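Take a look at the letters that make up each chain.
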Amino acid sequence: ERIEKALVVGAALDDYGIEVYDNDEILKRWQRRKDGDEIRRISSRWSRFDSIFGGFGAGEVFTFMGAAHSGKSMYLVNVGANAAIQKLNVAHLTLEMSEEITTQRYDMRLLGLPKEMLCSNESVKKLAELRHDKLGRIVVKRFPAGVATATDILTFIKRLENTKDFVPDILIVDYADIMASQTSRRKEKRMELEDIYTQLRNVAIELDTPIVTATQLNRGALAKVAEGKNLTEEDIAESYGIQRIVDAGVSINTTPADTKAHRHKLYVTKNRDGENGDEFSMYVDFNIALVKE
């Protein structure tokens, strides 16, 4: 317990917070506002998304909420790919899929090819072009579901920094619901989930990095979408409290027919720095792992 607490210390010893009306602090703050950089954010490369959220904020947790098979993991791969295109470093931690399948999806997305063409001559040509454009580094790491904790993630990131000289600009966790709490097991699953998301948010604050994850919605979600209704925090499978902890999120509103027609609707369920309730459409082509406006 002492080791775990030591590993999740939230602030450096020389961090005394912000003296709000110190002259130097005022000047720095106004300059950041003038530059549009008061809160450091990473663009999603989806213009409508960025206009609502400003991108993914450092020290914040963003979640894609969706029913089973709605494409949550595919959205997370696209978040990572869009960050890498901006020459940013991506740490993609998967608790659901293997490292090989996750990597395969990055290849499909960044090369624009279906899985069956990844060994073709065209894939080699496109890979050479991609590497010439100099992407950011992408590290994919699998953690055991139901066992990995926020402490394990923080320790791994610190090891990457110390041994591989790799500092992630964005951290993707697929997905938080199947992590384990680093505190004692709770009798109720909802309380354990709230612990997990709180601990994950502490990691985002400690690393000063955006964390993007996914949240499972309940079994009634598909029926609700089929009725033309938007999925909201009320449809979270185990814990409404998750919505209180995350900084921002959207629900993925889609039926199998919508996905076949390459059409998804995203609904803003939480926006700590703006208004909720907005909705916008996305184009999806899971054959090449692509999500775009």
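Residues numbered from 1 in each chain as written. Predicted model: local features only at pLDDT ≥ 70, side-chain atom pairs only at ≥ 80, totals over all residues. Heavy atoms only, no water.

Overview of the packing of helix H4 (residues 72-85) against helix H5 (residues 99-111)
- Between H4 and H5, the least distance of the axes is 10 Å, while the angle of their chain directions is 60 degrees. The angle between H4 and H5 places the two elements in the oblique class. Remark: the crossing between H4 and H5 carries right-handed chirality. Note on element contacts: H5 touches H4 through Arg105, Tyr106, Arg109 and Leu110, opposite Ser73, Met74, Leu76, Val77, Asn78, Gly80, Ala81, Asn82 and Ile85.
- Partitioning the contact of H4 with H5 into residue classes produces 7 nonpolar, 4 polar and 2 charged. (Axes fitted to C-alpha atoms, helices over the stretch in contact; angles between N-to-C directions. Helix = DSSP H or I, 4+ residues; strand = E, 2+ residues; numbered from the N terminus. Parallel < 35°, antiparallel > 145°, perpendicular 65-115°, else oblique. Left-handed = near helix turned anticlockwise from the far one by under 90°. Contact = heavy atoms within 4.5 Å. Nonpolar A, V, L, I, M, F, W, Y, C, P; charged D, E, K, R; others polar.)

What about helix H2 (residues 23-34)?
- Here H2 contains 12 residues, and its C-alpha end-to-end distance of 17 Å stays within 8% of the 16 Å for a straight helix at 1.5 Å per residue.
- Among the residues of H2, the N-terminal cap falls to Asp22, whose side-chain oxygen and the backbone nitrogen of Asp24 are separated by 3.1 Å.
- Following H2 by one or two positions, Gly36 has its phi on the positive side, about 70 degrees. (Expected span 1.5 Å × (residues − 1). Polar contact = N/O pair within 3.5 Å; in protein donor to acceptor, adjacent residues only side chain to side chain.)

A word on helix H7 (residues 150-164)
- Counted at 1.5 Å a residue, the expected span for H7 with its 15 residues is 21 Å, and the 20 Å between its end C-alpha atoms agrees.
- Of all the positions in H7, only Ala150, Thr151, Ile153, Leu154, Phe156, Ile157 and Leu160 are classed as buried.
- Two residues or fewer after H7 comes Asp165, characterised by a positive phi angle close to 55 degrees. (Buried < 20%, exposed > 50% of the residue type's maximum accessible area, 1.4 Å probe, protein only.)

Describing the sheet that holds strand E7 (residues 211-216)
- One open sheet holds the 9 strands; their spatial order is E5-E4-E6-E7-E3-E8-E9-E10-E11, and the pairing between them is mixed. Of all the strands in the sheet, just strand E5 (138-142) and strand E11 (290-292) have a single pairing partner and so form its edges. Adjacent strand axes in the sheet meet at a mean angle of 25 degrees, parallel and antiparallel pairs treated alike.
- Looking at chain direction, strand E10 (residues 279-285) and E11 are connected through 3 bridges and run antiparallel. Residue pairing in the sheet places Tyr283 in a bridge with Lys292 of E11.
- Packed on one face of the sheet, H4 meets strand E3 (61-66), strand E4 (90-94), E5, strand E6 (170-174), E7, strand E8 (248-253), strand E9 (263-271), E10 and E11 and runs near 165 degrees to E6. (Pairing = 2+ DSSP bridges.)

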